[in-house]
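# A closer look at the structure
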Amino acid sequence: MNLERIPNEEKLSLCRRYYLGGFAFLPFLWLVNVLWFFREAFLKPTYTEQLQIKSYVKKSALGLIVWVAVLTTWITIFQHFRAQWGEVGDYLSFTIPLGTA
Amino acid sequence: MNTSDSEEDSYNERSALVQSESPTIPSYNQDHDMSLPQETDSKRRRPVSSGLDEPGPVERERASTPDGEEEELTLKYGAKHVIMLFIPVTLCMVVVVATIKSVSFYTEKSSQRLIYTPFEEDPNSVGQRLLNSFLNTIVMISVIVVMTIILVVLYKYRCYKFIHGWLILSSLMLLFWFSFMYLGEVFKTYNVAMDYPTLVMIIWNFGVVGMICIHWKGPLRLQQAYLIVISALMALIFIKYLPEWSAWVILGAISIYDLIAVLCPKGPLRMLVETAQERNEPIFPALIYSLPCNLDIARAQEGVESEDDAAQGGRRRYSAEEDLEEDRGVKLGLGDFIFYSVLVGKAAATGGDWNTTLACFVAILIGLCLTLLLLAIFKKALPALPISITFGLVFYFSTDNLVRPFMDSLAAHQYYI
C-alpha cells in the first residue's frame, strides 16, 4: 500500500496501530513503523497530524533500541556461557553445534 | 509430514496470472490467472509487444491522443512490467536454489511422503516407478481439482468468511511452521547454537509482521518480500516431499491443468476470474503478487474509470488517478512462483550441475516473457504455467542428458569451444 494515497487521519491511525502492536513483543513491527513513517514524520512539510506521527515514530524507535539492547545482551551471554551452563544450556538450546564441548 | 489441505489449495489457487478485474475498467490487474490487458491499438502498430497495454476501453477513450505518444507510452509501460516481473521470480528462484545448494536437508530423501503422493517409487523397476509416479500425479491433480472447485463454489455463494479463514490458516502455517523448520535446518547446517527464547522471538516477529503485511496493511515492498519468501518456503517443501519422478510428472500435469482451468469456459479458475470481475471485487489477498506501476506513465492515462484495487486485500474503490498506480500493474499468482521455483530447485537438486540450473532458469524467464506477450495480445486471464514449465522441462531434460555429457567430455579432453 502506498502512503501517498491515503488521507492523513488514516496515516496517523496506521502509525498508532503499528506502535501499539509493537508492545506484543514485536520489535520488528516497531522497526517497520520507523522505516515506513520516517519520511512522513520528518521529511515532509508539516501537516496537522504530523506531530503525533513524529511522536509515535520516536517512541517506536526508542522501544526498538531497548529491545535490540536486551536481545544483544541475552544472545551474547547465551553464546558465551552456553557450554558452561551444562544441563540448563542444553535445555535452552534449539540447536547444539556439533564438535564443540 | 503431512501438509494441510489449506496450503495445497491455496497454492493451487495461486497459480496463474491475474487479469483485469472488470471488463469495463482498464486495468492490468489480473486475477488468479495471468493476463495482461492489451491495447488493440498498439497491437495494430506493434508487431511485437513487449508488455502490457491498457485494456480496450482505455484505448478507446484515448483514441484522440497522438498515436506515437500513446504507442511509446504503452511500449515503455509494457517492457517495464516484464522486467518488474522478472525480479521477484528471479529472487524466489535464487532463494530456493541457494537453500538447496547449501542446506542438505531439502535434498535428503525422507521416508515420509505427503498424503497426496501415496505411491512409493521403487527404484528397482523402471516400469513400476513410472506407473507409481503417474498414479501419484493423478492423486495430486485430483486433489487440486477438487480444492479449486470447492473454492469456486464457496466464492460463488459468497462464503467469504470461510475463504478468508482458510487463507489465514494456510498463511499462518507457512509463516510459522515452515519458517521454523527452515530456520532450524539452516542453523544445523551452519553449526550455530541457537536458544529457544531468541528463536521464539524471531519466529514470532517474522510470522506476525508477515500476517499483518499480507492480510492487512503494510509497506508494499515488505509485502512483496513476504510473498516471495512464502513462495520459496512452499517450493522447498514440495522439493523435499515429492518423490523424484512424481515431481516432474506433476509439474507437467499441473501446467496442463492450469491451461484447461483458465482457458476452458467451464474451467474453475476462469469462473473465479469472471465472477470476481462481475462483482468488481479484488481477488483474495495473499494469493497474488502485484506490481506497482509508474505513476507518471499512469497519469498520462487519466480519464479512466475508477478501478478496484485488486492488490492485497484492499477492497476500497479509488478514484481513477489514485488507482492508476496500483491497479495498472500485472498480477501474477503465487502458485506460479512456487512451481517455477520447484522446477529450478529440482534441477539444482538432482541435476548436480550449474549448467542445468541456469538453463532451466533461462527457460522459465523466456516462457514468462512469452506469456506476458500473449497476455498483451489477448487481454484476458492467461495461465502462466504452461509455456514456462514446458520450456523448463525441455531444457532440463535436454541439458541433463545431452549438454552435460557433451560438456564433460569436452572438458575431459581439454577441448575448448
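Residues numbered from 1 in each chain as written. Chains lettered and ligands numbered in written order. Predicted model: local features only at pLDDT ≥ 70, side-chain atom pairs only at ≥ 80, totals over all residues. Heavy atoms only, no water.

### Remarks on the environment of Gly218 of chain B
- Among the secondary structure elements, Gly218 of chain B is positioned in the loop between helix H7 (196–215) and helix H8 (220–241).
- Look at Gly218 of chain B and you get buried, because its relative accessible area is 2%.
- When sequence neighbours within four positions are dropped, the list of residues in contact with Gly218 of chain B reads Met1, Tyr18 and Trp36 of chain A together with Cys213 of chain B. (Helix = DSSP H or I, 4+ residues; strand = E, 2+ residues; numbered from the N terminus. Buried < 20%, exposed > 50% of the residue type's maximum accessible area, 1.4 Å probe, protein only. Contact = heavy atoms within 4.5 Å.)

### With respect to the interface of chain A and chain B
- Listed by partner, the interface residues are 30 residues for chain A and 33 residues for chain B.
- The tally of links from chain A across to chain B stands at zero salt bridges.
- Inspection of the chain A/chain B interface yields twelve residue pairs in polar contact (both at pLDDT 80 or more).
- Breaking the side of chain A that touches chain B down by element, the ones donating at least two residues are helix H1 (8–21), helix H2 (27–43), helix H3 (50–81), helix H4 (87–92) and strand E1 (93–95) of chain A.
- Tallied by class, the residues present in the side of chain A that touches chain B amount to 22 nonpolar, four polar and four charged.
- Summarising the sheet, E1 of chain A and strand E3 (residues 194–195) of chain B pair through two bridges and their orientation is antiparallel. Its bridge partner being in E3 of chain B, Thr95 of chain A is matched across the sheet by Met194 of chain B. (Salt bridge = Lys/Arg side-chain N within 4 Å of Asp/Glu carboxyl O. Polar contact = N/O pair within 3.5 Å; in protein donor to acceptor, adjacent residues only side chain to side chain. Nonpolar A, V, L, I, M, F, W, Y, C, P; charged D, E, K, R; others polar. Pairing = 2+ DSSP bridges.)

### Points about the UniProt feature "transmembrane region" (unreviewed entry) in chain B
All names here are of chain B.
- If you check UniProt for "transmembrane region" (unreviewed entry), the listed places come out as residues 82–100, 134–155, 162–184, 196–216, 223–239, 245–264, 358–378 and 384–403 in our numbering.
- Regarding residues 82–100, the helix share stands at 100% and the strand share at 0%, and the terminal C-alpha atoms are separated by 27 Å.
- Between the end C-alpha atoms of residues 134–155 there is a gap of 31 Å, over a span that is 100% helix and 0% strand. (UniProt positions renumbered as here; feature names shortened; annotations may be inferred.)

### Focus: the side chain of Thr357 of chain B
All names here are of chain B.
- Along the chain, the position of Thr357 falls in helix H14 (residues 354–378).
- A relative accessible area of 3% places Thr357 in the buried class.
- Not counting chain neighbours up to four residues away, the residues in contact with Thr357 comprise Val97, Val344, Ala347 and Ala348.

### Some words on helix H15 (residues 385–412) of chain B
Residue and element names in this part refer to chain B.
- Here H15 contains 28 residues, and its C-alpha end-to-end distance of 38 Å stays within 8% of the 40 Å for a straight helix at 1.5 Å per residue.
- At Thr399, H15 shows its strongest bend, of approximately 45°.
- Residues of H15 that are buried include every one of Leu385, Pro386, Ser388, Ile389, Gly392, Leu393, Tyr396, Thr399, Asp400 and Leu410, and no others.
- Remark: Gln414 follows H15 within two positions and exhibits a positive phi of approximately 55°. (Expected span 1.5 Å × (residues − 1). Bend = angle between axes of the 7 residues up to and from the residue.)

### Re the packing of helix H5 (residues 126–156) of chain B against helix H6 (residues 160–189) of chain B
All names here are of chain B.
- Direction vectors running N to C along H5 and H6 enclose 140°, while the axes themselves pass 8 Å from each other. Considered as vectors, H5 and H6 are oriented oblique to each other. For the pair H5 and H6, the crossing hand works out as left-handed. Across the interface between the two elements, Met147, Ile150, Leu151, Leu154 and Tyr155 of H5 pack against Tyr160, Phe162, Ile163 and Trp166 of H6.
- Residues belonging to the contact of H5 with H6 are distributed by class as follows: nine nonpolar, no polar and no charged. (Axes fitted to C-alpha atoms, helices over the stretch in contact; angles between N-to-C directions. Parallel < 35°, antiparallel > 145°, perpendicular 65-115°, else oblique. Left-handed = near helix turned anticlockwise from the far one by under 90°.)

### Points about the UniProt feature "transmembrane region" (unreviewed entry) in chain A
- Per the UniProt record, "transmembrane region" (unreviewed entry) is found at residues 18–39 and 60–81 of chain A.
- Between the first and last C-alpha atoms of residues 18–39 of chain A the distance is 16 Å; the span itself is 77% helix and 0% strand.

### Description of the pattern of salt bridges
Residue and element names in this part refer to chain A.
- The final tally for this structure, using the stated rule, is five salt bridges over all chains.
- Residue Lys11 is joined to Glu40 by a salt bridge in which the shortest nitrogen-to-oxygen separation is 3.1 Å. Of the two residues, Lys11 sits in helix H1 while Glu40 sits in helix H2, which places them 29 residues apart along the sequence.
- Lys11 gets classed as buried once you look at its relative accessible area, which sits at 7%.
- A relative accessible area of 2% means that Glu40 is categorised as buried.
- The closest approach of N and O atoms between Lys44 and Glu40, which form a salt bridge, is 2.7 Å.
- Residues joined in a network through salt bridges with shared partners are Glu4, Lys11, Glu40 and Lys44.

### Section: the confidence of the model for chain A
- Per-residue confidence for chain A gives a mean pLDDT of 88; residues scoring 70 or more make up 98%.
- Taken element by element, the predicted model of chain A shows its lowest mean pLDDT in H4 of chain A (81) and its highest in H3 of chain A (93). (pLDDT = per-residue confidence, 0-100.)

### Some remarks on H5 of chain B
- A rise of 1.5 Å per residue sets the reference length of H5 of chain B, with its 31 residues, at 45 Å; its end C-alpha atoms lie 45 Å apart and thus fit the reference within 8%.
- Of the residues one or two after H5 of chain B, Arg158 of chain B is the one with positive phi, at around 60°.

### Regarding the packing of aromatic side chains
- If you walk through the whole model with that rule in mind, you get 27 aromatic pairs over all chains.
- Summarising the aromatic geometry, the rings of Trp74 of chain A and Phe78 of chain A are spaced 5.8 Å apart at their centres and angled 35° between planes, so their arrangement reads as tilted. Of this pair, Trp74 of chain A and Phe78 of chain A both sit in helix H3, separated by four residues, roughly a single helical turn.
- For Phe78 of chain A, a relative accessible area of 0% translates into the label buried.
- Here the aromatic residues Tyr18, Trp36 and Phe37 of chain A together with Trp216 of chain B are joined through ring pairs into a cluster of three or more.
- Note that Arg279 of chain B overlies the ring of Tyr155 of chain B, its terminal NZ or CZ placed 5.0 Å from the centroid. (Phe/Tyr/Trp six-rings, centres within 6.5 Å; stacked < 30°, edge-to-face > 60°. Lys NZ or Arg CZ within 6 Å of the ring centre and 35° of its normal.)

### Overview of the environment of Lys58 of chain A
- By the secondary structure assignment, Lys58 of chain A is in helix H3.
- In this structure, the C-alpha to C-alpha distance between Lys58 of chain A and Ala41 of chain A, residues 17 residues apart in sequence, is 9.4 Å.

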